[in-house]
Amino acid sequence: MFEYAPAPESRDVVEVKPSYGLFINGEFVDGGGPSFKTVNPATEEKLAEVATASSDDVDRAVQSARKAFGVWSAMPGSERAKYLFRIARIIQERARELAVLETLDNGKPIRESRDVDLPLVAAHFFYYAGWADKLEYAGFGADPRPLGVAGQVIPWNFPLLMLAWKIAPALACGNTVVLKPAETTPLTALLFAEICQQADLPPGVVNIVTGAGETGAAVVAHPDVNKVAFTGSTEVGRIIARTVAGTGKKLTLELGGKAANIVFDDAALDQAVEGIVNGIFFNQGHVCCAGSRLLVQESIQDELLSALKRRLGTLRLGDPLDKNTDIGAINSAEQLARIRSLSEAGEQEGAERWSPACELPERGFWFPPTLFTGVAQSHRIAREEIFGPVLSVLTFRTPAEAVEKANNTPYGLSAGVWTEKGSRILWMADKLRAGVVWANTFNRFDPTAPFGGYKESGYGREGGLLGLEAYLDV
C-alpha cells in the first residue's frame with residue numbers, strides 16, 4: 001500500500017459561532033434550559049455552546065408553526081415550490097460550508113459529507129419542490145390536504161440528510177415544522193435555519209429547537225402537533241408510539257436495523273467486497289440500514305474473507321477533514337462505549353475477532369474496522385444493532401437457508417443480494433422481509449425511492465410518493 005500525502009479540507013470555509021440559540025418564528029432566540037456543548041468527535045475539542053429548549057420554548061415553537069400554517073397551507077403549491085427550489089439552490093451554493101460543518105460536528109469523512117450527504121440533501125428539496133404544485137395528481141385524491149404542524153426528531157448519524165428527509169416533503173405538502181436535531185450534532189440544522197432566513201421563508205414555517213431527549217419528548221407530546229416523524233433507536237421509537245397512541249396524531253418511525261448482506265458463490269467477488277465494505281464501514285457503520293451481517297455461501301467463504309481482509313488493510317482511518325480518509329471518528333464517547341461493549345461480548349461468546357493493523361489517534365473517539373468470524377445466530381453481535389464499524393460473518397449453503405438466516409432478526413429495514421442470476425435476485429427480494437433490498441450494490445439512495453422498514457425497524461415510508469402520503473390527510 002502506497003502512502004497518500006495529507007489533503008486536508010480547510011476549516012476556514014465555515015464560521016462556527018461561540019454559541020447558538022433556538023430558531024423560532026424566523027428568529028434566533030435564547031433557550032429556557034441550560035446550554036450544552038457540542039464537540040468535535042475527532043479531537044474532543046469544544047465547538048460551540050448550544051441552547052436547550054424548555055417545554056415553554058417548545059410550546060412557543062409549536063404555536064409559531066400553528067400560526068404560520070394558516071399562511072403556508074393557503075399558499076398555492078407553485079409558490080411553496082419556489083421557496084423549496086430556492087432552499088435547494090442555496091444548499092448547493094453553500095455545500096462546501098455545510099459539508100465541513102457536518103464533518104466537524106459528526107466525525108464522518110469529508111468525502112462522504114461532500115460527495116454523498118450534500119448532493120442528496122439538495123436533491124430531496126429539488127424533488128419535493130417539483131411535487132408541491134402536483135399533489136392532486138399524486139394518487140391521493142383530487143384535493144389532498146396537509147396535516148398541520150409536524151413535530152420531527154432526527155438522529156446524529158446523518159444530521160443534515162435526515163433533516164432534508166423530514167422537512168422537504170412536509171413543506172411541499174403545506175405543513176409547518178418543529179424539528180429537534182440530535183444533541184451531539186445540532187450545528188448543520190442551525191445553519192439550515194440561516195438558509196431559511198436567506199431564502200425569505202415565512203416566519204414560523206420552520207422552527208428548530210435544540211436539546212436532549214426531554215426536548216424531543218416535549219415536541220412529540222405537544223397537543224397541538226398533528227404529525228410526528230422520528231428516526232432513531234427502536235427503544236425510543238417504542239416510547240414515542242406509546243406517547244402518540246390514542247391522540248390522533250399521524251406517526252412514522254424509521255428505527256434500527258441489522259441488515260443481511262448475502263453473497264452467493266456466483267457473485268462478482270471484487271464487486272461484492274466493495275459492496276460489503278460500503279455496506280458496513282460507510283459512515284463508521286453509523287447507518288441504520290448498514291449491512292452488519294455478512295451471509296456468505298459456504299463454498300466461497302475462505303476466498304471472500306481473504307479478499308475482504310486485504311481490502312480492509314487499505315482503508316485509511318484518521319482526520320475526517322482529510323480528503324483521503326475512509327474511516328472517521330465515532331460520533332460520541334457514549335456510542336464508542338456501546339461498540340466496545342458489544343465487541344467484547346462477541347469475543348466472550350466465542351466469535352473470532354479481526355482488525356487490520358491500524359494506529360488510532362490519541363485524542364477523539366475511534367474504533368478500527370472490525371470483523372467477526374465463527375458467529376452464531378444466537379450471539380449478541382448477530383442480533384443487536386451495534387451501530388459501528390463491526391461486521392459479523394455467517395455462512396449458508398442454499399438460498400432457502402440464506403433467507404431463513406437473513407429473516408431471523410427482530411429488524412427488517414434492508415438487505416443486499418449479490419449474484420449473477422436475475423431470477424435468484426427476484427426470488428430473494430420476494431422472500432426477504434426487508435423494506436429495501438439492494439441487488440449487487442448497497443447503500444444506494446434516491447429521493448424518488450421510498451425507504452422504511454418492517455417489524456422493529458418501524459413503519460411508514462420516507463422518500464418518493466409514499467413520503468408525501470405521510471404528510472397528507474388521506
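Being a predicted model, the structure only gives us computed values, none of them experimental.

Colleague: Explain the UniProt feature "active site" (unreviewed entry) in the protein chain here, please?
Modeller: Following the UniProt record, the feature "active site" (unreviewed entry) maps to Glu254 here. Note on placement: Glu254 falls in strand S11 (residues 250-254). Residue class for Glu254 comes out buried when judged on its relative accessible area of 3%. Setting aside chain neighbours within four positions, we find Glu254 in contact with Met162, Trp165, Phe230, Thr231, Gly232, Cys288, Leu413, Phe451, Ser457 and Glu462.

Colleague: Explain the pattern of salt bridges to me, please; I cannot follow it from the model alone.
Modeller: Between side chains of opposite charge, a pair can form as their charged atoms come close. Counted by the stated rule, this structure contains 25 salt bridges. Between Glu183 and Lys180 there is a salt bridge, with its nearest N and O atoms 3.6 Å apart. Using a relative accessible area of 3% as the deciding quantity, one classes Lys180 as buried. Here Arg316 makes a salt bridge to Asp326, at a shortest N to O gap of 3.7 Å. Separated by 10 residues along the polypeptide, Arg316 in the loop between helix H10 (301-312) and helix H11 (333-348) and Asp326 in the loop between H10 and H11 bring together distant segments of the chain. Accessibility expressed as a relative area gives 23% for Arg316, which makes it partly exposed.

Colleague: Would you take a moment to explain the UniProt feature "domain: Aldehyde dehydrogenase" (unreviewed entry) in the protein chain for this structure?
Modeller: Here, the residues flagged by UniProt with the feature "domain: Aldehyde dehydrogenase" (unreviewed entry) are residues 29-473. Each end of residues 29-473 is marked by a C-alpha atom, and these two atoms are 32 Å apart; helix forms 42% of the span and strand 17%.

Colleague: Can you help me understand the sheet that holds strand S17 (residues 414-418) in this one?
Modeller: The strands making up a sheet associate through backbone hydrogen bonding, with each pair oriented either parallel or antiparallel. Spatially, S14-S15-S16-S13-S12-S17-S18 is the arrangement adopted by the seven strands of the open sheet, whose pairing is mixed. Strands with a single pairing partner mark the edges of an open sheet, and in this sheet they are strand S14 (352-354) and strand S18 (436-439). When the angles between neighbouring strand axes are averaged without regard to direction, this sheet yields 20°. Alignment of strand S15 (residues 370-373) against strand S16 (residues 390-396), held across three bridges, turns out to be parallel. Residue pairing across strands places Leu371 opposite Leu391, the latter belonging to S16.

Colleague: Can you help me understand the nonpolar core in this one?
Modeller: Inside soluble globular proteins, nonpolar side chains tend to come together where they are buried. Core analysis: the biggest nonpolar cluster contains 113 residues, and Ile91, Phe125, Phe192 and Leu308 have the highest contact counts within it. With 11 residues, helix H5 (residues 159-172) is the largest single contributor of residues to this core. Every residue in contact with Ile91, bar those within four places of it in the chain, is listed here: Leu98, Leu118, Val121, Ala122, Phe125, Phe192 and Ile195. Judged by nonpolar contacts, the second largest core, of 28 residues, contains Leu336, Phe372, Ile381 and Ala406.

Cut-offs used in this document
- Residues numbered from 1 in each chain as written.
- Predicted model: local features only at pLDDT ≥ 70, side-chain atom pairs only at ≥ 80, totals over all residues.
- Heavy atoms only, no water.
- UniProt positions renumbered as here; feature names shortened; annotations may be inferred.
- Helix = DSSP H or I, 4+ residues; strand = E, 2+ residues; numbered from the N terminus.
- Buried < 20%, exposed > 50% of the residue type's maximum accessible area, 1.4 Å probe, protein only.
- Contact = heavy atoms within 4.5 Å.
- Salt bridge = Lys/Arg side-chain N within 4 Å of Asp/Glu carboxyl O.
- Pairing = 2+ DSSP bridges.
- Axes fitted to C-alpha atoms, helices over the stretch in contact; angles between N-to-C directions.
- Core = buried A, V, L, I, M, F, W, Y, C linked by side-chain atoms within 4.5 Å.

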